[in-house]
Amino acid sequence: MAARCLRPPVPDEVKGERLVALYTHTQVTPDELWEQLSQTDLPKLWLPKRENLYLVETIPILGTGKADLRQAKMMALDRAKE
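As the structure is a computational prediction, the values presented were derived from the model and not from experiment.

## Considering the overall build of the protein
Thought 1: Along the protein, the regular secondary structure elements total two helices and five strands.
Thought 2: Walking the protein from its N terminus toward its C terminus, one meets helices and strands in the order β-β-β-β-α-β-α.
Thought 3: Here the protein, with 82 residues, has 28% of them falling under the buried criterion.
Thought 4: Considering only contacts within the protein whose residues lie at least 6 apart along the sequence, 50% involve residues at least 24 apart.
Thought 5: Accessible surface, the protein as shown: approximately 5900 Å² in total, 52% of it carbon and sulfur.

## Quick look at helix α2 (residues 69-81)
Thought 1: Over its 13 residues, α2 extends 18 Å from the first C-alpha to the last, a length consistent with the 18 Å expected when each residue adds 1.5 Å.
Thought 2: The residue sitting at the N-terminus of α2 and contributing the capping side-chain oxygen is Asp-68; that oxygen lies 3.3 Å from the backbone nitrogen of Arg-70.

## Describing the nonpolar core
Thought 1: Val-10, Val-20, Leu-22, Tyr-54, Val-56, Ile-59, Ala-72 and Ala-76 form the largest nonpolar core, which has eight residues in total.
Thought 2: Of all hydrophobic cores here, the second largest spans seven residues; its members include Tyr-23, Val-28, Leu-33 and Leu-53.

## Some thoughts on the environment of Ala-72
Thought 1: Tracing the backbone shows Ala-72 in helix α2.
Thought 2: A relative accessible area of 1% means that Ala-72 is categorised as buried.
Thought 3: Between the C-alpha atoms of Ala-72 and Ala-21, which are 51 residues apart in sequence, the distance is 9.7 Å.

## A few points about helix α1 (residues 30-38)
Thought 1: Those residues of α1 not exposed but buried are Leu-33, Leu-37 and Ser-38. For α1, the angular spread of buried residues about the axis comes to 130°, placing them on one side.
Thought 2: Along its buried surface, α1 packs onto β4 (21-23) and β5 (53-55).

## Observations regarding the layout of surface pockets
Thought 1: Size it by volume and the largest pocket reaches roughly 250 Å³.
Thought 2: Lining the largest pocket are 13 residues, with Lys-15, Glu-17, Arg-18, Leu-19 and Lys-49 positioned closest to its centre.
Thought 3: The dominant element in the lining of the largest pocket, judged by the number of residues it contributes, is strand β3 (residues 16-19), at three residues.
Thought 4: Each residue belonging to the lining of the largest pocket can be placed in one class, and the counts come to five nonpolar, one polar and seven charged.

## Looking at the environment of Asp-78
Thought 1: Assignment of secondary structure puts Asp-78 in helix α2.
Thought 2: Along the primary structure Asp-78 and Val-10 are separated by 68 residues, whereas in three dimensions their C-alpha atoms are 9.7 Å apart.

Reading the values: rules and limits
Residue positions are given per chain, counting from 1 as you read along its sequence in written order. Where totals are concerned, whole chains, interfaces and linings use all residues; where local detail is concerned, this predicted model gives features only for residues with pLDDT of at least 70, and gives and counts side-chain atom pairs only at 80 or more. The basis for every side-chain value is the complete set of heavy atoms in the structure, and neither hydrogens nor water enter the calculation. Runs of H or I in DSSP of at least four residues are treated as helices and runs of E of at least two as strands, each being numbered from the N terminus. When a residue's accessible area, from a 1.4 Å probe over protein chains only, is under 20% of the maximum for its type it is buried; when over 50% it is exposed; and in between it is partly exposed. By definition in these notes, contact holds between two residues if any of their heavy atoms fall within 4.5 Å. Per-residue accessibility takes into account occlusion by the displayed protein chains alone, with areas from the Shrake-Rupley method and a 1.4 Å probe. Given the number of residues in a helix, its expected span is that number minus one, multiplied by 1.5 Å. Pairs of N or O atoms are called polar contacts if they sit within 3.5 Å, as long as, within protein, a hydrogen donor faces a hydrogen acceptor (for residues adjacent in sequence, only side-chain-to-side-chain pairs). We define the nonpolar core as a collection of buried residues of types Ala, Val, Leu, Ile, Met, Phe, Trp, Tyr and Cys that are connected through side-chain atoms lying within 4.5 Å of one another. Picture the helix axis, draw a direction to every C-beta atom, and the arc is the one those directions span. Of the grid points, spaced at 1 Å and generated over the protein atoms alone, those admitting a 1.4 Å probe that cannot get out make up cavities, while open sets with protein on both sides within 12 Å along at least five of seven lines make up pockets; any residue with an atom within 4 Å of a point is treated as lining. Grid points are joined across faces, edges and corners, and a volume is the space filled by probe spheres set on the points. In this classification, the charged set is Asp, Glu, Lys and Arg, the nonpolar set is Ala, Val, Leu, Ile, Met, Phe, Trp, Tyr, Cys and Pro, and all remaining amino acids, among them Gly, are polar.

Right, dumping it as structure tokens:
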């Protein structure tokens, strides 16, 4: 899968913050992505909940080619409010 994925945290009233994932692969559902993530060696603590996986058109990139984490967090905040 040639999709990009970022996991910025967003505020959470109970835990302080929660993880969300922004991903770009249009042919993968949030449930399929969560299943793929849960089969990795990542600790479960690092996995967002299924309802916190958001499909986005593109992952914001800086001029250096690195992910724009500030813009990604803004996107995550917008999606989490919906």
